[in-house]
Each structure stands twice: as structure tokens, then as C-alpha cells.
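Letter by letter, the chains look like this.
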Amino acid sequence: MDSGKTCFLLSLLALSSMALAIDVSHDGRAITINGERKILISGSIHYPRSTAEMWPDLINKAKEGGLDTIETYVFWNAHEPIRRQYDFSGNLDLIRFLKNVQDAGLYAVLRIGPYVCAEWNYGGFPVWLYNLPDIEIRTANGVFMNEMQNFTTLIVDMVQQEKLFASQGGPIILAQIENEYGNVMKSYGAAGKAYIEWCANMAQSLNIGVPWIMCQQDDAPQPMINTCNGWYCDQFTPNNPNSPKMWTENWTGWFKNWGGLDPYRTAEDLAFAVARFYQNGGSFQNYYMYHGGTNFGRTAGGPYITTSYDYNAPLDEYGNLNQPKYGHLKQLHEVLKSMEKILTYGDINATDLGNSVFTTVYTFNGTSACFFGNANETSDATVTYGGNQYNVPAWSVSILPDCVNEAYNTAKKPIEEKPAPLEWLWLAEYTDDTTLLGDGDISASRLIDQKATNDLSDYFWYMTTLHLDQNDPIWSNNMTLRVNASGQIMHAFVNGEFIGSQWAIYGIFNYVFEKEVRLVAGDNQIAILSSTVGLQNYGAFFDTIQTGIPGPVEIIGRNGDEKIVKDLSSHVWTYKAGLNGFDGGFFTANSPNASSLWQSENLPLNQMMTWYKTTFQTPSGNDPVVVDLLGLGKGEAWVNGNSLGRYWPSYLAPEDGCPDGPCDYRGAYSNSKCVSNCGQPTQRWYHVPRSFFKDGDNELVLFEEFGGNPSQVNFQTVVVGKVYGNAHENNEMELSCHGKPISAINFASFGDPKRIEGKFVKGTCESKKDALSIIKKACVGNKSCKIAATDNVFGSTNCSGASKKLMVEAIC
């Protein structure tokens, strides 16, 4: 294969005011910028998942990590929450975000969608779409296509007005229409094929001057460029030989769900995937996520996606460097960039050495660059090239920019002490109007889908009256209420008395609730509170999945062996969206509707439907802030009226499934490999951006749905207490304490050290010189330090030909 027909976009170019010429070359799979082929590495940062004040720092850290492009989705339901009413303020200021990218000298990829998935509520669609007459979503349906085109055109017009497309001198070099539709298109039949053709034609008609992409769309209509998403995309081939080989989502970790374990993807495996992609002719690679962030408010989808969207990304939820992943990838990026000319213009010769070992040699103007890849999961390999032998560990790629010296091989947060306890006020959520009186806003002689409210609230009341007399055949001393539910969580009340709750488990959201009830002769008030935890965001026809109480709702009477069922589904039901505390704004700072109701005496603990409020001072310093909600059940939290998102620390991960020893990076990754946090709350810590604070007293408000104990709640700062570094032989290791000095070195070893269950231990071989003393001298007292992992620095070892590396644990 002629690498002159392959494009690698990795070069960092300063964006000028003149338009960039972006094109898909027709002499092969190449993208050119201003007539030059480039290589690029990108990272996803979703603007609504962080605050606007965080954006410049996140973008600059991405740039320092070797990225040239920032990729982001556009979130339709956030920007058009009510039809034809738009919001681009604060954290939704898309234009400001793109200008921050431009100010940093980086490119941008704008994934308009407008379906985004992204573990975002309802996949990014506004729920009012569902309630439009005659609509069918994501298919050849005129109502839907009109709405989709309206929003897509709105975004394009906004961006063009600010001259942000590269064709206008802006940072955006690529735009995306639709998202992963190829994964579900078969379910929509011929209408799905027609829809994707329409998407392509509609996008082209907008004349943005840069190419359009469609990820996971093997039959993308020309000139759309189809791209790959997944753990590994080195074997991906575009559907057009003139299209570049592009990877729009390289999953750096995985999202978390309530009740699930913590997924972890090793730095070695992630780097292996990237190196293999470029070894095999890749052109564009994007980390999903590079910074995950936080699902503030009710934005988490799923259902059951956690408030944290950390994703084990190179930049963690709070914006700190996630080491060693960040540093390991930064080194890889530096090596790839040093090879830009030969990778872009050189000829390629690939050789299969057997046993999953491959060499790829690039040659140009008498120079060569080599990739030695070993995809065997257990066996290291010895590659002989140019008269030299090279050890390539299992499941790794070695990169030799000159085909002689190995520059890189892919294999190769503490919390401060707790402050003083907080003092709490409380008030009970008033429920008599619904559980006793059945007061609602609308009525119908059927059970309705909770989405009928346009997702105004997580909470939706179903209320009906059942008249019974003692002559009714169903009457007995053994009666139960049985409900078929799909709203994720439900709470049932009969005549104002709470009779029980039930909730689904992740991935199985239909369940049957049945509890004994005590009915009276005459009228009985039945009230069911349905609670959602994020609407479905993925899959064919995900938009139509029922939410709430689809029914049937039944009263079952038992007399001996006889069972009589009374179906209440067609009764007159009254409905009400939300709760009184939400309607009254109890979560807002100094809420006037609740100011006289808050109580300080007899603080209730473990009482469902309870509001709690406290005041606190802003934590000192500039470190990220979290609030520890251990001890609470489930609900939502606000600081000064800003929602931190849903919390559910009472939902524990399974007690088994975590590996006993260290994670083995070798072998194909999945989100069930290398998990941790067994038996612990899925999420205990909740990010509080410093922009939410104010001078003087701050206010924290909790709505506790299940019942919990707020006495353990406290605010703390997340400090980088330890940093870790590792580098394989002949590579450079970098340590950084994020602006703070390195105060001590806990561990240092050059040889074959290991990290087992979070602890560093020396291996069977060690350098002659004391690595700990060398690292202390080079690093202690400095904010950062660099040191080469070589025999010249640490002295020779007795490692008998094994691959050597330097491992360090430092205290900030």
C-alpha cells in the first residue's frame, strides 16, 4: 500500500484568520489541510458536562497532552427544551466553547447528530418530539425530519455566523450528521435506508465547506465519510477507498451505572489500541472521553447512568491529570508527531511474522520508521530487524522512529481530612394532596406514558379511586395491589399509607410490584409515584420504550383457593407531574416558598420524601471540590440552586466480580474486565464546581426520596496526594504535581517492578544504582521533573534480557 495515499492528522497547526482548505483527496485515503497531509489526535470534551469556567483549563491540558483537536456533541434537548425556545447560555454556550478551542490553537470536530447517545437523557432528543402528532423518530418520517433539519440548520447557521468552520478561518474541520445509526438501521427497514440518504443530502445542502462524517455507518452515502467507534479500530476499513481511516470514539474507559462496578481500562491497553491503529494506516483518532465530566441536573440517561461521567479518561471528572494514563499517552503522541513526515509521505511494507506478530515499515527519501506489533495475549515476541533483536511484550506495539532505536512501547485520588459536621434544617415533602385527595392536573380513563409530560420531572403521580363494598366478590382479608411498572422506581400509597417501593436493576427495567393492602368499605384512594432515573438513550426505537406505569394495575382478592382479579387500568386516573417541593423551589437559595417551613428540631433520619438544608463556607484553595453523600439513600442535591445531579449512594455494587490480583492489560478489553469497587456505593462523591460557590454562606439542599442520614455529609477538596510515573527502557518519564511541589518519593525502581493491588513492589531484577536516591535528587522540591529510563542513569541490571522499566510513586 502506498502511504502517499494515507492521511494521518496529528500535526499541531496554529489556526490563522485565513480559511483552511479541508478536502478528501481523490488520490487515496487522505485528508489535506491547506494542501498538506497531516496527522491528528483528538479528544472528546462535552461542554455541558463541565462548567464554562473549566473549559480553557481542560482544553489547554488536552493540548499539553498532545491533542490537536477537540471533539464535542451538540445536545438538542439542552438547547431546545421547549419547542422553538432555545438556550445557549452558561454551560450551554456552544459558541463560547468553540472559541475557547480556537483560542488554544486547536481544531474542532462538531458532532451535531442531533441524536448523540452519549449516555445522555433520551439520547439527546427533547422529549417533546415524542408527543408530536404522527411522529416516528430516526426514520423517514416527515414530522421528525422537519424538526431535525430545523435544529441542524439552526446550529450550522449559528456557527457560520461566527465564522467557525475551517472554510471560514475557524477551528471546525469536520462535522457529523446522525450517530451510530448503522448499529440499528436494520430494524427500521427500507425507511431507515431512505432516512440515512436524506440525512446525507440534507447535510450537504447546508454548504459548510468541510467534510461530513457518519460514525458506525458502513453504507454511508457519498460524500459522507464513515468512521469507526469501539475499543479497537485498527482493522476498520472505510466503505470508499478515497476516504480516510478515521476512529471517532476510542473508548478510554466506560461509563458507570447505578449498582454497577467501576470499569477501568489500563493505559497500556489504550496505548496499544492507538499504536495499532496508526500502524495499520489510521488517519484520525479521537479519545472518547478525554475528559468525561459530570451529568449535572437530570441529564444522565441510560436509564441508571450515574451522575459521574468520569469514564476513566486521561483528564478525570474534576479536570486533574489521570496518571499514568495521561502521561503514557502524551509520550505516545510525541513519538508519533516526530514521525509525521515519513508517516504521511512514506511507502508502507507490512509483514506477518506469525503468532499475531506484525512489522510495518515506512520508507521515504532513504529513511525508515518501524512499528513492531505483538497482538498475542500471553507470549512475548523477539523481532529481528536490521541485524538487531527487539523484545516486544505480549499485547503491545513498539515504535522505532529510525527503525533502530525503540522510542516507545505501549506496554511499558486521596481526600483531605473531614471538616466539622454540618447543621441541618428539614421539612417533609407534602403528599396528602396526592396520596389522600388524588389532586392532579389531568385525567384520563387509561394509563398514560410518563413521557407525556415532556420530561418535566423525574416524578409522576398516578392516582385513582376504587369504590368497594363488602359484598364485592373481591372483598377478603387477603388483598394485594399488583402493578406492572417500567418507570425504574415506584412508590405505592393506599389511603395515604405508604405500602412499599420497588425498583429495577440496570438493563432490566420492567418489573412487577405486589404488596398486601388494607382497603376499606367505600372509597379507597390509590396513588403510585413513578420515578425515572434517566430516559433510555440507545437502541432501535429507544424513544418508544414505555416509561412509568404501563399496567395492568390490579387488585387481587383471595378467598381460600379462589383468586379474583379487578383490573384498574381503565379506571379514571388523575395525573400530576413533579413534587410540591420542586414546584415551590425548595432547592433554590433562600427559597421564599419554604423559608418559614424549615425546621431545626427533631431532625428525621431515614424518612422518605424529606428535604434537608444546611449552610457552609466555601472550601479554601483552588483544588476541585466534592461533597460526600455517604449515608443518604437516593435523591437530588443542589448548591446555591445549582443541581449537582441525582445521587444514589445506597445502591451498592455487587460484592463479587473484582479481580484478586493486578489487572492484566494483555488481551482484548471489555467493560467487565479490570473492574473494582465491589460491595461499595456505585458513586459516593459528587463534583461541586467552584463556579457554583459564592462569597459568605453557601447553601446545600437535598431531596431525599428513599430516606437517609445526612449527618455524614461533608465537603472536601480533591487534592493530588500521589502521582505515579512509569517508562520503559530508553523512554523518558515525567512526573507532575499539578502546580504543587513534589514533597517525597515513596517508591522508585528500575528493573522489572510491579504494581499489585495498588502497591508498588520490586521485581526479580534491579539496577546497580539506587533508583530511589536518583529520583529524589531529581524531583523532590520541583513541581515537575523528567528523567530518562536508561542504564546510563541508573546503572546496568541483571534482568537477563527481559524488558526493563522505571516505576515511581511520588507524594505531592
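Residues numbered from 1 in each chain as written. Predicted model: local features only at pLDDT ≥ 70, side-chain atom pairs only at ≥ 80, totals over all residues. Heavy atoms only, no water.

### Digging into helix 7 (residues 325-338)
Quick reminder of the rule: Each helix corresponds to a stretch of at least 4 residues labelled H or I by DSSP, and each strand to a stretch of at least 2 residues labelled E; elements are numbered beginning at the N terminus. To estimate the expected span of a helix, subtract one from its residue number and multiply by 1.5 Å. We call a residue buried when its accessible area falls under 20% of the maximum for its residue type, exposed when it is over 50%, and partly exposed in between, using a 1.4 Å probe and counting protein chains only.
The terminal C-alpha atoms of helix 7, which comprises 14 residues, lie 20 Å apart, in line with the 20 Å expected from a rise of 1.5 Å per residue. Of all 14 residues in helix 7, 10 are buried; the element is thus mostly enclosed. Where helix 7 is concerned, the buried positions are Lys325, Tyr326, His328, Leu329, Lys330, Gln331, Leu332, His333, Val335 and Leu336.

### Points about the sheet that holds strand 39 (residues 744-751)
Cut-off, in case you're wondering: By this definition, two strands are paired if DSSP reports at least two bridges between them. Here the axes come from fitting lines to C-alpha atoms, over the contacting stretch only for helices, and the angles between their N-to-C directions go from 0 to 180 degrees. Here, two residues are considered to be in contact whenever any of their heavy atoms come within 4.5 Å of each other.
Here 3 strands make up an open sheet; going across it, the order is 37-43-39 and the pairing antiparallel. Where the open sheet ends on each side, the last strands, each with one partner, are strand 37 (722-728) and strand 39. Going from strand to strand, the sheet's axes swing by 5° on average, the running direction of each strand aside. As judged from the 7 bridges shared by strand 39 and strand 43 (residues 805-811), these two strands associate in the antiparallel manner. Bridge pairing links serine 749 to methionine 807 in strand 43. Contacts between helix 11 (residues 771-779) and the sheet are confined to strand 39 and strand 43, with strand 39 contributing the most and set at about 130° to the helix.

### A look at the sheet that holds strand 34 (residues 685-688)
The sheet built from 3 strands is open, its strands ordered 34-31-36 with antiparallel pairing. Unpaired on one side and paired on the other, strand 34 and strand 36 (714-717) mark the two borders of the sheet. Averaged over all neighbouring strand pairs, the angle between strand axes comes to 35°, with direction disregarded. Of the pairings in the sheet, the one linking strand 31 (residues 625-628) to strand 34 comprises 4 bridges and is antiparallel in character. Within strand 34, the position partnered with aspartate 628 by the bridge is tryptophan 685.

### Digging into helix 4 (residues 142-161)
Heads up, the condition is: The directions considered for the arc are those from the helix axis to the C-beta atoms.
Over its 20 residues, helix 4 runs 28 Å from end to end, which matches the ideal 28 Å to within 8%, given 1.5 Å per residue. Regarding helix 4, the residues found buried are Phe144, Met145, Glu147, Met148, Phe151, Thr152, Ile155, Val156 and Val159. All buried residues of helix 4 fall inside an arc of 165° around its axis, so they share one side. Away from the buried face of helix 4 by more than 90 degrees, exposed residues Gly142 and Gln161 are located. Packing partners of the buried residues in helix 4 comprise helix 2 (76-79), helix 3 (94-103), strand 6 (107-113), strand 7 (172-177), helix 5 (189-205) and strand 8 (212-215). Two residues or fewer after helix 4 comes lysine 163, characterised by a positive phi angle close to 55°.

### A look at the nonpolar core
The cut-off we apply is this: Here the nonpolar core consists of buried residues drawn from Ala, Val, Leu, Ile, Met, Phe, Trp, Tyr and Cys, with membership extended through side-chain atoms lying within 4.5 Å.
Counting 132 residues, the largest nonpolar core has Trp212 and Ile399 as its most contacted members. Broken down by element, the residue count for this core peaks at 8 residues, all from helix 6 (residues 267-279). Other than its neighbours up to four places away in sequence, isoleucine 399 contacts Ala275, Leu332, Val335, Leu336, Met339, Cys370, Phe371, Asn405, Glu406, Ala407 and Tyr408. Formed by 59 residues, the second largest nonpolar core is a distinct cluster that contains Met490, Val553, Leu629 and Val713.

### Remarks on empty space enclosed by the protein
To keep things clear, this is the line we draw: Cavity means a closed set of points on a 1 Å grid over the protein atoms alone, one where a 1.4 Å probe fits but cannot get out, pocket means an open set with protein on both sides within 12 Å along at least 5 of 7 lines, and lining means a residue has an atom within 4 Å of a point. Grid points are joined across faces, edges and corners, and a volume is the space filled by probe spheres set on the points. Each residue is assigned to one class: nonpolar for Ala, Val, Leu, Ile, Met, Phe, Trp, Tyr, Cys and Pro, charged for Asp, Glu, Lys and Arg, and polar for all the others, Gly among them.
Its volume calculated, the largest cavity comes out at about 40 Å³. Surrounding the largest cavity, Gln450, Lys451, Thr453, Asp455, Ser457, Thr532, Leu535 and Thr547 form its lining. Here the lining of the largest cavity is composed, by residue class, of 1 nonpolar, 5 polar and 2 charged.

### With respect to the state of the cysteines
Definition in use: By definition, disulfides here are pairs of cysteine sulfur atoms that lie within 2.5 Å.
For the coordinates displayed, the defined rule picks out 6 disulfides. Note on cysteine connectivity: cysteine 228 is disulfide-linked to cysteine 233, with sulfurs 2.0 Å apart. As the torsion about the S-S bond is roughly -75°, the cysteine 228-cysteine 233 disulfide counts as left-handed. We classify cysteine 233 as buried; its relative accessible area is 1%. Cysteine cysteine 199 is unpaired, with the sulfur of cysteine 215 as its nearest cysteine sulfur at 12 Å. Judged by relative accessible area, which is 0%, cysteine 199 ranks as buried. Between cysteine 215, a cysteine without a disulfide, and cysteine 228, which holds the nearest cysteine sulfur, the sulfur-to-sulfur distance is 9.3 Å.

### Quick notes on the packing of aromatic side chains
Rules: A pair of aromatic rings is counted whenever rings of Phe, Tyr or Trp (Trp by its six-membered ring) have centres within 6.5 Å, and the orientation is called stacked for planes under 30 degrees apart, edge-to-face for over 60 and tilted otherwise. Here, a charge over a ring means that NZ of Lys or CZ of Arg falls within 6 Å of the ring centre while also lying within 35 degrees of the ring normal.
The full count for this structure, using the stated rule, is 70 aromatic pairs. Ring geometry for tyrosine 506 and phenylalanine 509: centres 6.5 Å apart, planes at 90°, overall edge-to-face. The class for phenylalanine 509 is buried, based on a relative accessible area of 15%. Both rings, one in tryptophan 611 and one in phenylalanine 703, keep their centres 4.8 Å apart while their planes meet at 45°; by these two values the pair is tilted. On the criterion of sequence distance, the pair formed by tryptophan 611 in strand 30 (residues 610-617) and phenylalanine 703 in strand 35 (residues 697-704) is long-range, its members being 92 residues apart. Above the plane of the ring of tyrosine 115 lies arginine 138, whose end atom (NZ or CZ) is 3.7 Å from the centre.

### A word on the confidence of the model for the chain
This is how it is decided: Scored between 0 and 100, pLDDT is the confidence that the predictor attaches to each residue.
Per-residue confidence for the chain gives a mean pLDDT of 91; residues scoring 70 or more make up 94%. Contacts from residues 1-17, a stretch scored under 50 in pLDDT, to residues over four places away or in other chains number 87 contacts. Counting interchain partners and residues more than four positions distant, the pLDDT-below-50 stretch residues 24-29 has 28 contacts.

### Quick notes on the environment of valine 780
Within the secondary structure layout, valine 780 lies in the loop between helix 11 and strand 42 (784-788). Relative accessible area serves as the criterion here: at 34%, valine 780 is assigned to the partly exposed category. Separated by 87 residues in the primary sequence, valine 780 and phenylalanine 693 have C-alpha atoms spaced 34 Å apart. When sequence neighbours within four positions are dropped, the list of residues in contact with valine 780 reads Ile742, Ser743, Ala744, Ile745 and Ile775.

### Some words on the pairing of strand 37
Most of strand 37 sits inside the fold, with 6 of its 7 residues counted as buried. Pairing of strand 37 with strand 43, which is carried by 7 bridges, proceeds in the antiparallel orientation. Residue alanine 727 lies in a different strand from strand 43, and its bridge partner there is leucine 806.

### Details of the side chain of asparagine 295
The condition is simple: Definition of a polar contact: a pair of N or O atoms within 3.5 Å, with one able to donate and the other able to accept a hydrogen when the atoms are protein atoms, and with sequence-neighbouring residues admitted only if both atoms are side-chain atoms.
Within the fold, asparagine 295 resides in the loop between strand 11 (284-291) and helix 7. A polar contact is formed between the side chain of asparagine 295 and the side chain of arginine 49, at a distance of 2.8 Å. Not counting residues within four places of it along the chain, the set of residues in contact with asparagine 295 comprises Arg49, Trp120, Ala300, Ile305, Thr306, Thr307, Ser308, Tyr309, Leu644 and Gly645.

### Quick word on the packing of helix 6 against helix 7
Put simply, the rule is: By definition in this entry, angles of less than 35 degrees are roughly parallel, angles greater than 145 are roughly antiparallel, angles of 65 to 115 are roughly perpendicular, and the rest are oblique. Note on convention: near helix rotated counterclockwise from far helix by under a right angle means a left-handed crossing. Clockwise means right-handed.
Viewed as axis vectors pointing N to C, helix 6 and helix 7 meet at an angle of 20°, and their least axial separation amounts to 9 Å. On the basis of their axis angle, the class for helix 6 and helix 7 is roughly parallel. Pair helix 6 / helix 7 crosses with right-handed handedness. Contacts between helix 6 and helix 7 involve Ala267, Glu268, Leu270, Ala271, Val274, Ala275 and Tyr278 on the former and, on the latter, Lys325, His328, Leu329, Leu332 and Leu336. Considered class by class, the residues forming the contact of helix 6 with helix 7 number 9 nonpolar, 1 polar and 2 charged.

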